[in-house]
Amino acid sequence: MQKLEDLPSVRFGDGLGGSLAFKRDPLAFLARSRERYGDIFRFRPFGVPMVMVNHPDYIRHVLVDRGERYDKNATIFKVIRPVLRKGLIANPDMELWRRQRRMMAPHFTPRAVGSFARNMTDETVQIVDRWKRTYGDTHTFDVTDEFGQLALRIVNRSLFSADVSEAAQGFERAFGVANTILGAFFRCPFPPLSVPTPSHRRLRRAIEDMDEFVSGFVRQRLANDVAVGEESDLLTLLLHSVDGENGKAMDLEQLHHEVLNICVGAYETTTNTLSWAFYLLACHPEAEKQMHAEVDQVLGGRIPQFEDLPRLTYTRMVVDETLRIYSPAYQFMRRACQDDEIDGYRIPAGTNMLINSYFLHRHPEFWPEPERFEPERFSPEESAKRPKHVYVPFGSGPRICIGKHFALTELTLVIATIALGHRLVMPAGAPEVHPEALITLHPKDGVRLRLERR
Ligand code: HEM
């Protein structure tokens with residue numbers, strides 16, 4: 001077996017082993033390094049030892065086949081844990097995570113999320129009406145901002161059965177602050193978050209604001225608890241969930257963290273995907289036309305329902321292809337908690353493994369012309385030709401996104417609902433939109449489009 005040190009490595013001369021280039025522009029640095037060193041290489045941004053893996057076999061190895069040897073004590077989760085704490089996303093305690101996941105999983109199955117489909121289409125109809133009143137068909141507007149409001153309204157109506165418009169603005173602002181500060185901190189972890197710099201103080205306030213947003217709803221519900229029924233919101237379901245093994249419910253602190261994790265997990269990811277989807281559709285009229293033809297044929301002018309999803313196949317392929325090109329949760333990590341071996345190289349316990357789906361989803365061996373937007377890649381025939389782990393927008397293995405079905409239902413229904421009567425078009429001379437590598441992959445400066453009646 002070869003040693004970790006034998007892996008191809010970014011040279012120290014390359015901006016202090018990649019530190020400076022990774023800090024300045026992580027996507028450009030990783031693209032260059034991947035080209036130079038291949039599908040597995042190591043680098044040490046600011047002294048943190050990392051191995052980047054970029055081949056479906058390695059991804060399956062780390063996330064699934066040897067998943068028990070890798071945990072969430074990796075640097076990126078340490079960075080976001082001050083926000084997400086003991087909730088599912090960043091929790092390194094596998095026993096607590098397993099118990100929580102067991103309790104929560106039944107509320108996120110494809111069938112269970114079907115009960116939230118009405119929230120998704122109702123909120124979309126309302127926001128399109130507001131766009132018509134506010135912007136008409138002449139003004140361009142920041143769709144990223146608007147989809148942020150929509151995503152938050154949908155997840156919060158599903159969680160709390162509440163109209164959150166006013167409180168939501170505070171949450172969005174606080175999330176934006178945390179995403180930017182923590183994104184920069186991940187690229188250069190100095191000074192430590194415990195040092196009260198002005199930016200770290202702003203982060204603390206942002207966390208307090210997000211906490212206040214969640215605890216307001218939880219407090220209200222505790223004061224007026226309701227029994228579980230057919231139409232229960234997620235908060236009621238979580239409040240009344242008990243662990244099948246020990247019969248216990250989760251304590252209030254844990255409930256708070258899980259609700260916050262759901263808000264955070266659902267908010268920017270869907271916002272960005274909707275922004276990129278309409279940006280890509282506006283740039284690719286042929287694909288847009290094909291999607292409109294499907295929406296017209298399947299829906300005949302009526303609002304889509306959960307039951308329509310199996311027939312909205314092209315719309316779903318648009319979603320899948322958007323998630324390939326601009327995977328919003330584009331980087332996640334694991335830390336080896338035991339010694340392991342990948343492709344003949346020893347991976348000692350403590351090594352950080354970086355998985356970056358921005359590059360995996362562009363791997364030239366599996367994705368011809370990877371920069372091209374081509375929803376047809378996701379037809380059942382084309383998908384069957386690829387290894388499963390070359391496409392992981394929701395991760396894989398036991399820690400796969402719990403909200404995957406919620407997200408896919410929401411994205412497909414929102415896009416189809418807008419496409420019923422409208423398109424979002426690119427104003428003449430609009431600049432190309434580039435991704436910004438924060439904790440999520442955000443469209444830099446947002447996407448600006450104009451509403452047009454079809
Ligand atoms: C386009 C939308 C979404 C994308 C691309 C996405 C992506 C991901 C990814 C990649 C992970 C796994 C990270 C890892 O393995 O380290 C994850 C985990 C998670 N996501 Fe999502 N997500 C999306 C929407 C949602 C929604 C709608 C919710 C909630 C309703 C949600 C809640 C969560 C939670 C709680 C976890 C942690 C799961 C666990 O470790 O048990 N996500 N997500």
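Look up: the structure comes first, before these words.
Note that the structure is a prediction, hence the values are computed from the model and not measured.

Draft legend 1. Broad picture of the packing of aromatic side chains. Under the definition given, this model contains 24 aromatic pairs. Considering the side-chain rings of W131 and F147, the 5.7 Å spacing of their centres and the 80 degrees angle between planes classify their relative orientation as edge-to-face. You can see W131 sitting in helix α7 (residues 117-135) and its partner F147 sitting in helix α8 (residues 143-160), a full 16 residues away along the chain. Of the two residues examined, W131 and F147, each falls in the buried class. Considering the side-chain rings of Y358 and F359, the 5.2 Å spacing of their centres and the 80 degrees angle between planes classify their relative orientation as edge-to-face. The buried category is assigned to Y358, whose relative accessible area is 13%. Exposure remark for F359: the relative accessible area of 7% places this residue in the buried category. Following the ring pairs from residue to residue traces out a cluster consisting of F22, F29, Y37, F41, F43 and F186. The ring of Y358 carries R362 above its face, with NZ or CZ at 3.7 Å from the centroid. One Lys or Arg, R386, reaches over the ring of F378 and ends 4.9 Å from the middle of that ring.

Draft legend 2. Region of the structure containing the pattern of salt bridges. All chains considered together, the criterion is met by 31 salt bridges. Salt-bridge contacts for R69 lead to E68; the nearest nitrogen and oxygen are separated by 3.9 Å. For the salt bridge of E146 with R130, the shortest nitrogen-to-oxygen distance reads 2.8 Å. Of this pair, E146 sits in helix α8 while R130 sits in helix α7, and the two are 16 residues apart along the sequence. Of the residues examined, E146 reaches a relative accessible area of 3% and is grouped as buried.

Draft legend 3. View of the side chain of N54. Structurally, the position occupied by N54 is in the loop between β2 (50-53) and α3 (56-65). At 3.0 Å, the side chain of N54 and the backbone nitrogen of L360 are in polar contact. For N54, the contacting residues outside a window of four places in its chain are R34, D39, N356, F359, L360 and H363.

Draft legend 4. Seen up close, the site of the ligand. For the ligand, the set of nearby residues contains 27 residues, the closest of which are K72, W97, R101, R334 and C401. Within the backbone of L88, one N or O atom sits 3.3 Å away from an oxygen atom of the ligand. R101 has a polar side-chain atom sitting 2.7 Å from an oxygen atom of the ligand. When residues of the shell around the ligand are traced back to their parent elements, those giving at least two are α5 (94-104), α12 (252-283), β5 (331-336) and α17 (404-419). Considering each element in turn, the shell around the ligand owes the most residues, 5 residues, to α12. Counted by class, the shell around the ligand contains 18 nonpolar, 5 polar and 4 charged residues.

Draft legend 5. Structural context of the coordination of the iron atom of the ligand. Looking at the iron atom of the ligand, one finds just one donor atom contributed by the protein, C401 (SG), at 2.3 Å. By secondary structure assignment, the location of C401 is in the loop between α16 (380-384) and α17.

Draft legend 6. Fine view of helix α2 (residues 26-37). Compared with an ideal rise of 1.5 Å per residue, which puts 12 residues at 16 Å, α2 spans 16 Å between its outermost C-alpha atoms and is within 8% of the ideal. After α2 finishes, the residue G38 shows a positive phi value of roughly 95 degrees.

Draft legend 7. View of the environment of P443. Tracing the chain through its elements places P443 in strand β11 (residues 441-443). Put simply, P443 and T144 are 299 residues apart on the chain and 7.9 Å apart in space, counted from C-alpha to C-alpha. When neighbours within four sequence positions are excluded, P443 is seen to be in contact with T144, N272, S275, W276, V433 and H434.

Draft legend 8. Structural detail: unusual backbone geometry. Between F190 and P191 the backbone carries a cis peptide bond, its omega angle lying at -10 degrees. Mapped onto the elements, P191 comes out in the loop between α9 (165-187) and α10 (198-223). We note that D343 has phi near 50 degrees; this positive angle belongs to a residue other than glycine. Along the chain, D343 falls in the loop between β6 (340-342) and β7 (345-347).

Draft legend 9. Molecular detail of the environment of L438. Inspection of the secondary structure assignment puts L438 in the loop between β10 (435-437) and β11. Separated by 388 residues in sequence, L438 and M50 have C-alpha atoms that sit 18 Å apart.

Draft legend 10. The sheet that holds strand β9 (residues 422-425), seen in detail. Spatially, the 3 strands line up as an open sheet ordered β4-β12-β9, and their pairing is antiparallel. In the strand order of this sheet, the two ends are held by β4 (140-142) and β9, each with one partner. Between one strand axis and the next, the sheet turns through 40 degrees on average, direction left out of account. Where β9 meets strand β12 (residues 448-453), 4 bridges bridge the pair, whose relative direction is antiparallel. Considered in β12, the bridge of R423 is made with E452. Running over the sheet, α7 touches β4, β9 and β12 and is turned about 100 degrees from β12.

Draft legend 11. Just the environment of D137, in detail. Looking at where D137 falls in the secondary structure, it is placed in the loop between α7 and β4. Taking the C-alpha atoms as reference points, D137 and T322, 185 residues apart in sequence, are found 25 Å from one another. Sequence-distant contacts of D137, that is, excluding residues within four places in its chain, are made with R450 and L451.

Draft legend 12. Highlighting the pairing of strand β8 (residues 352-356). Burial analysis of β8 places 5 of its 5 residues in the buried class, the great majority of the element. Across the two faces of β8 the burial is the same, with N352, L354 and N356 and M353 and I355 all buried. Relative to β8, β2 is paired through 4 bridges, and the arrangement is parallel. Paired with V51 across the two strands is M353, which belongs to β8. Where β5 meets β8, 5 bridges bridge the pair, whose relative direction is antiparallel. Bridge pairing links M333 to L354 in β8.

Conventions we followed
Residues numbered from 1 in each chain as written. Predicted model: local features only at pLDDT ≥ 70, side-chain atom pairs only at ≥ 80, totals over all residues. Heavy atoms only, no water. Phe/Tyr/Trp six-rings, centres within 6.5 Å; stacked < 30°, edge-to-face > 60°. Helix = DSSP H or I, 4+ residues; strand = E, 2+ residues; numbered from the N terminus. Buried < 20%, exposed > 50% of the residue type's maximum accessible area, 1.4 Å probe, protein only. Lys NZ or Arg CZ within 6 Å of the ring centre and 35° of its normal. Salt bridge = Lys/Arg side-chain N within 4 Å of Asp/Glu carboxyl O. Polar contact = N/O pair within 3.5 Å; in protein donor to acceptor, adjacent residues only side chain to side chain. Contact = heavy atoms within 4.5 Å. Near = heavy atom within 4 Å. Nonpolar A, V, L, I, M, F, W, Y, C, P; charged D, E, K, R; others polar. Donors = N, O, S within 2.8 Å, 3.2 Å for Na, K, Ca; no water. Expected span 1.5 Å × (residues − 1). Pairing = 2+ DSSP bridges. Axes fitted to C-alpha atoms, helices over the stretch in contact; angles between N-to-C directions.

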